[in-house]
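# Observations on the three-dimensional arrangement
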Amino acid sequence: RAVYGMQALLAVVIAGLIYLTAKHMVGQQIAILAVFVYALDPLSLYLSGSFQTEQLFTVLTVASVYFFLKAGDERRSRIAFAVLFGLFGGLAALTRSVAGPMFAGLSVGGLFGWEHGFARIRRYERNFIIAIASVAFLGTLAPWLVRNYKLTGEYTLATLTWQALAMGNNDMGGPYMTKEGLAAMPPTFIEQGEAEREAVYKKFVSEWIIENPDRFLWFCFWRAIAFWSPLPTFVTGATAMVAFTYNTMLLVLAVAYGYASRKRSSIFFPFYMSFITFTAVYSITLTYTRYRLPLYPFLEILASGGLLMIFERYSSSAKL
């Protein structure tokens, strides 16, 4: 019950971060709509009552994006926001390792000025901001990396990476975890250490990909499609139907607004980079609908822009 209560409080924090991020990027009207859309999100409601890491991970993911935006726009507090960007990016990576590539993608975009705010500041300032954020990011990860080195002899963030790759990339592999896919993995034993088991999986997956490159690419494509499918994979019955309807509407509205705003794509760069990195990481391992849920605040902001376009088109006098 304590976990359920805390996850409900985290949902309120997510709502606040959605409002702040949307207001910073596209204004208050879309920010209000985005919070309303999030309040009706059936999958986020579901997560508040389940034992998963997504609720915490969503808070950290959205917070890191918000602080990235602020680091590029707030002249007086750039260093502070750069530290917060790195800190929350590191905490997110400790929760789910996919946040590591996401942080790297945002940092590269900041260095090259692909994001709207960073594009308006000088190169040496961009370099300094990203350097500060990177130090904070690595400093957050350092204790965990040192701990893993003492236990395994390797500076690794996660000791199940190659196992996850082996689950999805074998003769019976595919987008989801199955009994057949698990049975096709090489045998290991509980007496073996984590590093030793990972070495077995690494050798197996590397050889399998070299021998089956076409099939590996097909699995990656299949998993990318499954990752963005509106069909939920962890709920059934009436809940699944509600979730499918919501997902479909959300994706359609988000794509419509993204297309309509294509000339201002640099404003939404953090969203697009997050979509790309999450898809890339989960397309090479295994995918579930709930792995996509930390991206829903970004989708809901874009979808709210699509809703506002509809309001303005069919009722020019409407006020939000």
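Below: a short report on this structure.

Conventions and cut-offs
Within any chain, residue numbers begin from 1 and follow the written order of that chain's sequence. Only residues with pLDDT of at least 70 are given local features in this predicted model, and only at 80 or more are side-chain atom pairs given and counted; all residues enter the totals for whole chains, interfaces and linings. Hydrogens and water are ignored here; the side-chain numbers use all heavy atoms of the structure. Only DSSP runs of H or I with at least four residues qualify as helices, and only runs of E with at least two residues qualify as strands; both kinds are numbered from the N terminus onward. Throughout, radius of gyration means the C-alpha value; the globule benchmark is 2.2 Å times the number of residues raised to the power 0.38. Burial classes follow relative accessibility: with a 1.4 Å probe on protein chains only, a residue under 20% of its type's maximum area counts as buried, one over 50% as exposed, and anything between as partly exposed. Whether two residues are in contact is decided by their heavy atoms: any pair within 4.5 Å suffices. Residue-level accessible areas treat just the shown protein chains as cover; the underlying method is Shrake-Rupley with a 1.4 Å probe. Only four residue types enter the tally: Lys and Arg on the positive side, Asp and Glu on the negative side; His and the chain ends are excluded. Charged side chains are reduced to one point each, which is NZ for Lys, CZ for Arg, CG for Asp and CD for Glu. The distinction between a cavity and a pocket rests on a 1 Å grid over the protein atoms alone: a 1.4 Å probe fits inside a cavity but cannot get out, while a pocket stays open yet meets protein on both sides within 12 Å along at least five of seven lines, and a residue with an atom within 4 Å of a point counts as lining. Grid points are joined across faces, edges and corners, and a volume is the space filled by probe spheres set on the points. Residues are grouped as follows: Ala, Val, Leu, Ile, Met, Phe, Trp, Tyr, Cys and Pro are nonpolar; Asp, Glu, Lys and Arg are charged; all remaining types, including Gly, are polar. Polar contacts, as used here, are pairs of N or O atoms within 3.5 Å; protein pairs need one atom able to donate a hydrogen and one able to accept it. Residues neighboring in sequence count only if both atoms are side-chain atoms. In what follows, salt bridge is the name for a side-chain nitrogen of Lys or Arg lying within 4 Å of a carboxyl oxygen of Asp or Glu. Only centres within 6.5 Å qualify two rings of Phe, Tyr or Trp (six-membered ring in Trp) as a pair; their planes then separate them into stacked at under 30 degrees, edge-to-face at over 60, and tilted for everything else. Our definition puts a charge over a ring when NZ of Lys or CZ of Arg is within 6 Å of the ring centre and also within 35 degrees of the ring normal.

## What to know about the overall build of the protein
When you go through the protein residue by residue, the secondary structure sums to 15 helices and 0 strands. For 320 residues, the compact-globule formula gives about 20 Å, and the C-alpha radius of gyration of the protein, at 21 Å, lands near that figure. When its C-alpha atoms are laid out on the principal axes, the protein stretches across 65 × 50 × 45 Å. Buried residues in the protein amount to 48% of all 320 residues. Counted over contacts in the protein with a minimum sequence separation of 6, partners at least 24 positions apart contribute 72%. For the protein, the computed accessible surface area is about 16,200 Å², with 67% contributed by carbon and sulfur atoms. With 26 positive and 18 negative side-chain charges, the protein shows a separation of 12 Å between the mean positions of the two kinds.

## Some thoughts on empty space enclosed by the protein
The full count for this structure, using the stated rule, is 3 cavities of 30 Å³ or more. Along its surface, the largest cavity is lined by Ile14, Tyr38, Ser44, Leu47, Glu54, Gln55, Thr58, Leu293 and Pro297. Going through the elements one at a time, helix H3 (42-48) and helix H4 (54-73) are the ones with two or more residues in the lining of the largest cavity. Looking at which element gives the most residues to the lining of the largest cavity, the answer is H4, with 3 residues. When its residues are assigned to classes, the lining of the largest cavity shows 5 nonpolar, 3 polar and 1 charged.

## What to know about the environment of Phe88
Here Phe88 lies in helix H5 (residues 78-95). On a C-alpha basis, the gap between Phe88 and Ala99 in space is 9.8 Å, while along the polypeptide they are 11 residues apart. Leave out the neighbours within four places in its chain, and Phe88 touches Leu60, Ala63, Ser64 and Phe67.

## Comments concerning the side chain of Thr277
Relative to the elements of secondary structure, Thr277 occurs in helix H14 (residues 269-283). Among the polar contacts made by the side chain of Thr277, one reaches the main-chain carbonyl oxygen of Ser274 at a distance of 3.1 Å. The residues touching Thr277, leaving out its near neighbours within four places in the chain, are Val98, Pro101 and Met102.

## Brief notes about the layout of surface pockets
Taken as a whole, the largest pocket holds about 890 Å³ of empty space. If you go around the largest pocket, you meet 29 residues; those closest to its centre are Ser97, Ala158, Leu160, Thr161 and Ala164. Of all the secondary-structure elements, those providing two or more residues to the lining of the largest pocket are H5, helix H8 (123-152), helix H9 (161-168) and H14. Taken together, the residues of the lining of the largest pocket sort by class into 18 nonpolar, 8 polar and 3 charged.

## Describing the pattern of salt bridges
Tallied over the full model, the rule gives 6 salt bridges. As a salt-bridge pair, Glu125 and Arg78 come within 3.1 Å of each other at their nearest N and O atoms. Here Glu125 is found in helix H8, whereas its partner Arg78 is found in helix H5, with 47 residues between them in sequence. The exposure class of Arg78 is buried, given its relative accessible area of 9%. Measuring nitrogen to oxygen at the nearest pair gives 3.2 Å for the salt bridge that ties Arg122 to Glu125. When its relative accessible area of 52% is taken as the criterion, Arg122 is described as exposed. Several salt bridges converge on common partners, so that one network encompasses Glu54, Arg96 and Arg290.

## Points about the packing of aromatic side chains
Inspection of the entire model under this criterion finds 28 aromatic pairs. Pairing Tyr4 with Phe51 gives two aromatic rings, centres 5.5 Å apart and planes at 75°, and the pair type is edge-to-face. Separated by 47 residues along the polypeptide, Tyr4 in helix H1 (residues 2-26) and Phe51 in the loop between H3 and H4 bring together distant segments of the chain. Ring plane angle 85° and centroid distance 5.2 Å describe the contact between Tyr288 and Tyr291, whose orientation is recorded as edge-to-face. With a relative accessible area of 21%, Tyr288 lands in the partly exposed category. If you follow Arg262 out to its NZ or CZ, it ends over the ring of Tyr259, 4.1 Å from the centre.

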